Amino acid sequence: MSGKAKGQVKATVIKAADPVISAPIKKSDAPSQVTVEEAVNAGDWIEPPMMLEGLKNMVTESSILPQCIRAYKNNIAGFGIGIRYTVDQEETPEMKAEFDAITEVVELLNVDQDTKQVFENIVEARETYGIAYLEVIRNLDKEVQQIEFIKDTPSVRKSRPMEPYVEIPYFHHGKETKRRKKFRKYKQEICGRTVYFKEFGDPRIMDLRDGRYVPEGAGLELRYQANEILEFAIGPQSYGEIRWIGQILGVDGSRMAEGLNNNYFYNGRHTPLMIMIRNGTLTDASYSHLKEYMNDIKGENGQHGFLLLETESVDGRSDFDDDKNEEENDKKPEIEVKDLASILQKDELFQEYLDNNRKRVQSAFLLPDLYVGYTTDFNRATAQTAQEVTEQQVFQPERTSLAWVINNKLLNCYRFQYVEAYFLAPDISNPDDMYKLLNVTNNAGGITPNMAKEVICDALGRTCEPYTDEWGDVPLTIWKDKAAQTDISGLMGQLTKQIEKAQGKNEPDQVVAVMKEVKKLLAKIQKQEENHAA
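A. Looking closely at the side chain of Ser254. As for its position among the elements, Ser254 is in helix 6 (residues 248-267). There is a polar contact of 2.8 Å between the side chain of Ser254 and the side chain of Asn357. For Ser254, the residues in contact, after removing those within four places along its chain, are Tyr353, Leu354 and Asn357.

Take a look at the structure:
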C-alpha cells in the first residue's frame, strides 16, 4: 500500500526528566507573611491612626497620667545601667578587656547627658505616644558610636517594609550568622524641612535629603549620608499603641469634669445673701454705700463696722413712723436679708467619677496607689507586697526588654562574648525575711563567714573583700566541730605521752597527772555532746 492504513496507531516512549542532583531544595531564609501595612496602604508612607499631638495634650491635662508615666520612667531606667559578665568563670584578660570596652562604649553613647537619661526619655515618650525613636550614629568602622533621643515624636513618619530583601550579618555568642530582611524608611518633617533616615541595621547608604539609596559602588559625602532610627513601640501596630487606649474616654471625661469645677470659680454662683425690699426702693445714696461696703468689707476695713440702709416708699414717702391709718402702714417699706449660702456649691462635682477614672487608668498601667502618691491605705506589709508584685509583673520585664535591645541591637556590632549591659533595679528585700532565712540556714550549718560578710556588706551598701583563709568558706558549725575535734586529738596525744612516761618511770605523781587530763577530756566531750543535743 502506498498510504497509511486507516486506524493505524503510533506509540512514542516519553522518558522522565533527569533529576537535578546538584541543586538541593533549600528552606526559605526570609519571612513570607503579608502584613497589614503592605495590604492596606496604597502608598509607601504610613500615617498614624490618630493625631499624636492630641495624646500629648491629654497627658498634659490629665490628673493621673503624668504620675503613671513618671513611675514607669523612674523605675524602669531611672536606677542606671550596669555591666556584668555572662559567664560564671574566673576572670581572664580577654574578659577584663571586654568589660572595660563595653563600659566605655555605654558611658560615651551620649555626652550631653547620662545614657540612662536617654532611655528615661524613651520610656516617657513611648508611654505618651505608644512609640519612641532613637537616632543612631555610627563611626567609619560601622560601630555604634552615639545615640540621640528624637524629641519631637509626632513629626516622624515611617514607610512600609520595602523590597528588596537585604542580607545582614548578626553576631550571636561570637559567631556570625546571616539574616534577610526588608527595611523601612523614616522621615521627619518640621517647619517645611524634611530629613530622611534609614531603619537601624540597614547596611545600604541613603541620601538624607531625598531618601534615595545610593547605587552599589557609588559614593556619597559623609555629611549627606542618612543616620539610622531605632524605634521602641508598644505592640505590633505600625505606630504602637498606648497602654491607656481603653481609658481615653475616661481621661477626657475627667478633664472635662475638672474644667467644670474650675469654671465654677469664674462663672459660678457666689452671692452669699440677698436683700429684699417690700413697698419701697433703695435710695441712690444707700445703693452706692452698699456697693462700696461690699468692695471694702475684706481685711481690716471690715472690722467693727456696720451697714446702714435707707429706703424710700413707692409713693415718695420716706418716714417710718406714719401711723395715720392701717392702709398707709401696709405701704411702709420692709427690708429682709435672706441667706443664700445653702445653695452654693461646697465641693467639687463628680468626685466619685474622677476617682473611678483614676483607678481605671492605674489599672491600665498595672500600678498600685503607692507608685502614684496615694499612700493612705498602706502599711509596711502591704507596701512591701505591692513593690514585689509590681517589680515582678511590670518593671522587671520592661528592663529585660530594653536591655535586650541594647545588647542584641545597639551593641551587636561589637561582638561581645563575655559581658552585657543591664538596667539596675532597686533592692526590695525585706530585712525581717532575710533574718529568718539566715537564722534557719545557720542552724542547719549552711552559713559560711564569707556569706555572712557579703550579706552585711550589701545591707550597708559597702564593698567588702572575702576572707581568703580556708575557714572563710567553711560553715561555722562545721568549723567549730572541726576545731573541737582538733583540740580533742591534741589532748589525746598529750595523754598518750604522759601515760607512756608514767609507765616508764613508775611514778605515782605521773599517774595522778594522767587521771586529771583524762578528767578534763571527758568533761569537754560531754559538753560537746550537750551542745549537739541542744
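B. Representation of the packing of helix 3 (residues 65-76) against helix 5 (residues 115-129) in the model. Running from N to C, helix 3 and helix 5 point in directions that differ by 150°, and their axes come no closer than 9 Å. By the angle between their directions, the pair helix 3 and helix 5 is classed as roughly antiparallel. Of the two elements, helix 3 crosses helix 5, and the hand of that crossing is right-handed. Taking contact as the criterion, the partners of Ile69, Tyr72, Lys73 and Ile76 in helix 3 are, on helix 5, Glu120, Val123, Glu124, Arg126, Glu127 and Thr128. Here the residues of the contact of helix 3 with helix 5 sort into four nonpolar, one polar and five charged.

C. Quick peek at the packing of helix 3 against helix 9 (residues 351-365). The geometry of helix 3 relative to helix 9 is characterised by a closest axis approach of 10 Å and an angle of 20° between their N-to-C directions. Our classification of the angle between helix 3 and helix 9 gives roughly parallel. Of the two possible hands of crossing, helix 3 and helix 9 adopt the one that is right-handed. Contacts between helix 3 and helix 9 involve Leu65, Cys68, Ile69 and Tyr72 from the former and Val361, Gln362 and Phe365 from the latter. Grouping the constituent residues of the contact of helix 3 with helix 9 by class yields six nonpolar, one polar and no charged.

D. Inspection of the pattern of salt bridges at higher detail. Summed over the entire model, instances satisfying the criterion amount to 26 salt bridges. Note that Arg126 and Glu398 form a salt bridge whose closest N and O atoms lie 3.0 Å from each other. Note that Arg126 is positioned in helix 5 and Glu398 in helix 10 (residues 380-410), a separation of 272 residues in sequence. A relative accessible area of 6% means that Arg126 is categorised as buried. Looking at Glu398, the relative accessible area reads 15%, which means it is buried. The partner of Asp355 in a salt bridge is Lys359, and the shortest N-O contact between them spans 3.4 Å. With a gap of four residues between them, Asp355 and Lys359 both fall in helix 9, about one helical turn apart. Residue Asp355 is classed as partly exposed on the basis of its relative accessible area, which comes to 30%. If you follow the salt bridges from partner to partner, you end up with Arg126, Glu127, Arg243 and Glu398 in one network.

E. Fine view of the confidence of the model for the protein. Chain-level statistics for the protein give a pLDDT mean of 80 and a share of 71% at 70 or above. Confidence drops under a pLDDT of 50 for residues 1-7, and excluding neighbours within four residues, the segment shows zero contacts in the predicted structure.

F. Layout of the environment of Tyr170. Structurally, Tyr170 can be placed in strand 6 (residues 162-172). Tyr170 gets classed as partly exposed once you look at its relative accessible area, which sits at 25%. Spatially, the C-alpha atom of Tyr170 lies 9.7 Å from that of Gly201, the residues being 31 residues apart in sequence. What Tyr170 contacts, discounting residues up to four positions off in sequence, is Lys175, Glu176, Thr177, Trp404, Asn408 and Asn412. Of note is the side chain of Tyr170, whose polar atom sits 3.2 Å from the side chain of Asn408.

G. Region of the structure containing the nonpolar core. If you look at the biggest cluster of nonpolar residues, it comprises 53 residues, and the most contacted ones within it are Phe119, Ile147, Trp244, Phe365, Leu367 and Leu410. If one sorts the elements of this core by residue count, helix 10 sits on top with seven residues. Excluding residues that lie within four positions of it along the chain, Leu410 makes contacts with Phe119, Leu134, Val136, Val144, Ile147, Phe200, Leu230 and Val405. Counting nine residues, the second largest nonpolar core, distinct from the first, contains Ile46, Tyr133, Val156 and Tyr239.

H. Summary view of the sheet that holds strand 5 (residues 156-159). Spatially, 1-5-8-9-10-3-4 is the arrangement adopted by the seven strands of the open sheet, whose pairing is mixed. On the outer flanks of this sheet lie strand 1 (45-46) and strand 4 (144-149), each paired with one strand and no other. Relative to strand 5, strand 1 runs antiparallel, the two being bridged by two bridges. For Trp45, the partnering residue across the bridge sits in strand 5 and is Ser159. Together, strand 3 (131-138), strand 4 and strand 10 (228-233) form the strand contacts of helix 10, whose direction differs from that of strand 10 by roughly 155°.

I. View of unusual backbone geometry. Glu163 connects to Pro164 through a cis peptide bond whose omega is 0°. Tracing the backbone through its elements, the reader meets Pro164 in strand 6. You will see that Lys142, though not glycine, has its phi angle at about 65°, which is positive. As for its position among the elements, Lys142 is in the loop between strand 3 and strand 4. Looking at Lys142, the relative accessible area reads 52%, which means it is exposed. Positive phi values are uncommon outside glycine, yet Arg415 reaches one of about 60°. Locating Arg415 in the fold gives a position in the loop between helix 10 and strand 15 (419-423).

About the thresholds
Residues numbered from 1 in each chain as written. Predicted model: local features only at pLDDT ≥ 70, side-chain atom pairs only at ≥ 80, totals over all residues. Heavy atoms only, no water. Helix = DSSP H or I, 4+ residues; strand = E, 2+ residues; numbered from the N terminus. Polar contact = N/O pair within 3.5 Å; in protein donor to acceptor, adjacent residues only side chain to side chain. Contact = heavy atoms within 4.5 Å. Axes fitted to C-alpha atoms, helices over the stretch in contact; angles between N-to-C directions. Parallel < 35°, antiparallel > 145°, perpendicular 65-115°, else oblique. Left-handed = near helix turned anticlockwise from the far one by under 90°. Nonpolar A, V, L, I, M, F, W, Y, C, P; charged D, E, K, R; others polar. Salt bridge = Lys/Arg side-chain N within 4 Å of Asp/Glu carboxyl O. Buried < 20%, exposed > 50% of the residue type's maximum accessible area, 1.4 Å probe, protein only. pLDDT = per-residue confidence, 0-100. Core = buried A, V, L, I, M, F, W, Y, C linked by side-chain atoms within 4.5 Å. Pairing = 2+ DSSP bridges.

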